[in-house]
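# Coordinates in review
Single-letter residue listing:
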Amino acid sequence: MGRVSGRVCLVTGAARGIGRAIAEALLEEGADVCFADLNGERVAELAAENAARAEAAGGRAMSAQVDVTKRDQVRAMMEQVAEQFGRVDVVFNNAGVNRPMNFLDVTEENWHFIMDINALGTLIGMQEAARQMIAQGGGGKIVNTASIASRQGFDNVAPYCASKWAVVSLTQSGARDLAKHDITVTGFAPGVVATEMWEEVDRDLMEIGAAKMPGQAMEEFASGILRGRVARPVDITGTTTFLASPDSDYMTGQIVMIDGGMTLV
Ligand code: NAD
């Protein structure tokens, strides 16, 4: 038996990076997994590529194209997963974006873009997950992706930090409000994880003169990480599978830091 055998899990932002790693690790441990993302084509490919891995572990893979900021799409996705796999047990609200800008130049457009996906998208994902879980008779787990930026401010990413602090608040508030339905809400806060997101962050940092070359920001962060290096997506998945598994059933309202000791430095 895998650690999440028989559990129906859904992961947003699963087309690449941390979300993809979370989804694939859940499949390895026997879950039925829906890969969900704005990039519907890529998640469809990933679900197909992972079919054999899923079968070997006793689970199934499917995909859904979704914009996490659109309630009707998120609701339809929950229904689709429940229709295909029978229910929804664990929902990872992981889709997120970052678009660095100098503090004084932050526009309303930049603010809304980031807050809509990272904060409102998390709220909608939590609500629609909970609605589905309650309709099934209650019980379930919601896991949100926070960040070290949920804990302190960083240069040139004010809206991102604000959005990730919001994720922590939503996790705590959701844990309280949904407890009566036997739904737990937890989160995890990665430090610096080498994903394609950093290519976009580097591009923006260079554009505003805050970095000279790709990889510079990550390298500067690495020197302050007790574990001596930035994370790979697989460094995150032991914890995310734990948060989806029965082993974490007594936890709710907590954010687990997975930052290599970065925030202790
Ligand atoms: P990524 O950019 O590699 O992947 C994000 C995925 O989210 C992409 O596949 C993208 O298509 C999807 N997405 C974006 N907007 C969406 C929308 N509206 N609806 C549905 N899907 C959408 O990012 P990542 O590095 O894998 O980060 C994943 C999560 O982890 C994010 O919430 C991010 O803020 C958080 N995080 C990342 C790091 C890091 O260093 N990479 C650190 C801390 C927290």
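Computed from a predicted structure; not experimentally measured.

### What to know about the overall build of the protein
For the protein, the count of helices and strands is 9 helices and 7 strands. Relative to the 2.2 N^0.38 estimate, which gives 18 Å for 265 residues, the radius of gyration of the protein is 18 Å and therefore close to what a compact globule would have. Each of the three principal axes of the protein carries a C-alpha extent, and together these read 50 × 35 × 35 Å. Going through the 265 residues of the protein one by one, you find that 48% of them count as buried. For the protein, contacts bridging at least 24 residues in sequence account for 74% of all contacts bridging at least 6.

### Re the packing of helix 4 (residues 71-85) against helix 5 (residues 108-135)
Closest axis-to-axis distance for the helix 4/helix 5 pair is 9 Å, and the angle between their directions is 35°. Crossing angle aside, the handedness with which helix 4 passes helix 5 is right-handed. Counted together, Arg71, Val74, Arg75, Met78 and Ala82 of helix 4 and Ile124, Gly125, Glu128, Ala129 and Gln132 of helix 5 form the full contact between these two elements. Looking at the contact of helix 4 with helix 5 residue by residue, the classes come out as 5 nonpolar, 2 polar and 3 charged.

### Here's the deal with the sheet that holds strand 1 (residues 8-12)
Adjacent strands of a sheet pair through backbone hydrogen bonds, lying either parallel or antiparallel. Ordered in space as 3-2-1-4-5-6-7, the 7 strands form an open sheet in which the pairing is parallel. At either end of the open sheet lies a strand with only one pairing partner, and these are strand 3 (61-65) and strand 7 (255-258). Across the sheet, the mean angle separating the axes of adjacent strands is 20° when strand polarity is ignored. Bridging between strand 2 (residues 32-37) and strand 3 involves 5 bridges; their strand directions are parallel. Directly across from Ala36, in strand 3, lies its bridge partner Ala64.

### With respect to the nonpolar core
In this structure, Cys9, Val11, Leu26, Val33, Phe35 and Ala36 are the most contacted members of the largest nonpolar core, which totals 71 residues. Ranked by residues supplied to this core, first place goes to helix 5 with 8 residues. Discounting residues that sit within four places of it in the chain, Phe35 has contacts with Val11, Ala14, Ala23, Val43, Leu46, Ala47, Ala61 and Ser63.

### Section: helix 1 (residues 17-28)
With 12 residues, helix 1 should cover 16 Å at 1.5 Å per step; its first-to-last C-alpha distance of 17 Å lies within 8% of that length. Counting buried residues in helix 1 gives 11 out of 12 residues, a clear majority hidden from the surface. The complete set of buried residues in helix 1 reads Ile18, Gly19, Arg20, Ala21, Ile22, Ala23, Glu24, Ala25, Leu26, Leu27 and Glu28. Among the residues trailing helix 1, Gly30 stands out with phi positive, at a value near 95°.

### Regarding the site of the ligand
In the neighbourhood of the ligand, 29 residues make up the surrounding shell, with Gly13, Gly17, Gly96, Thr195 and Met197 lying closest. Looking at the shell around the ligand, the elements with two or more residues in it are helix 1 and helix 5. In terms of residues, the shell around the ligand owes the most to one element, helix 1, which gives 3 residues. In terms of residue class, the shell around the ligand is built from 12 nonpolar, 13 polar and 4 charged.

### Focus on the confidence of the model for the protein
Should pLDDT be low for a region, the predicted coordinates there are not to be read in detail. Of the residues in the protein, 100% reach a pLDDT of 70 or more, and the chain-wide mean stands at 97. Scored as a complex, the prediction yields pTM 0.98 and ipTM 0.99.

### Focus: unusual backbone geometry
Residue Asn156 is not a glycine yet carries a positive backbone phi of 65°. By the secondary structure assignment, Asn156 is in the loop between strand 5 (140-145) and helix 6 (158-178). In the Ramachandran plot, Asp182 falls in the positive-phi region, its phi being about 65° despite a non-glycine side chain. Relative to the elements of secondary structure, Asp182 occurs in the loop between helix 6 and strand 6 (183-190).

### A few points about the packing of helix 5 against helix 6
Where helix 5 contacts helix 6, the two axes come as close as 9 Å, and the packing angle between them is 15°. Classified by the interaxial angle, the pair formed by helix 5 and helix 6 is roughly parallel. Two packed elements cross with a definite hand, and for helix 5 against helix 6 that hand is right-handed. Counted together, Asn110, Trp111, Ile114, Met115, Asn118, Ala119, Thr122, Leu123, Met126 and Ala130 of helix 5 and Pro159, Tyr160, Ser163, Lys164, Ala166, Val167, Leu170, Gly174 and Leu178 of helix 6 form the full contact between these two elements. Here the contact of helix 5 with helix 6 is composed, by residue class, of 13 nonpolar, 5 polar and 1 charged.

Basis of the calculations
Residues numbered from 1 in each chain as written. Predicted model: local features only at pLDDT ≥ 70, side-chain atom pairs only at ≥ 80, totals over all residues. Helix = DSSP H or I, 4+ residues; strand = E, 2+ residues; numbered from the N terminus. Rg over C-alpha atoms; globule rule 2.2 N^0.38 Å. Buried ≥ 20, exposed ≤ 12 C-beta atoms within 10 Å, placed from the backbone. Contact = placed C-beta atoms within 7 Å. Axes fitted to C-alpha atoms, helices over the stretch in contact; angles between N-to-C directions. Left-handed = near helix turned anticlockwise from the far one by under 90°. Nonpolar A, V, L, I, M, F, W, Y, C, P; charged D, E, K, R; others polar. Pairing = 2+ DSSP bridges. Core = buried A, V, L, I, M, F, W, Y, C linked by C-beta atoms within 7 Å. Expected span 1.5 Å × (residues − 1). Near = placed C-beta within 6 Å. pLDDT = per-residue confidence, 0-100. Parallel < 35°, antiparallel > 145°, perpendicular 65-115°, else oblique.

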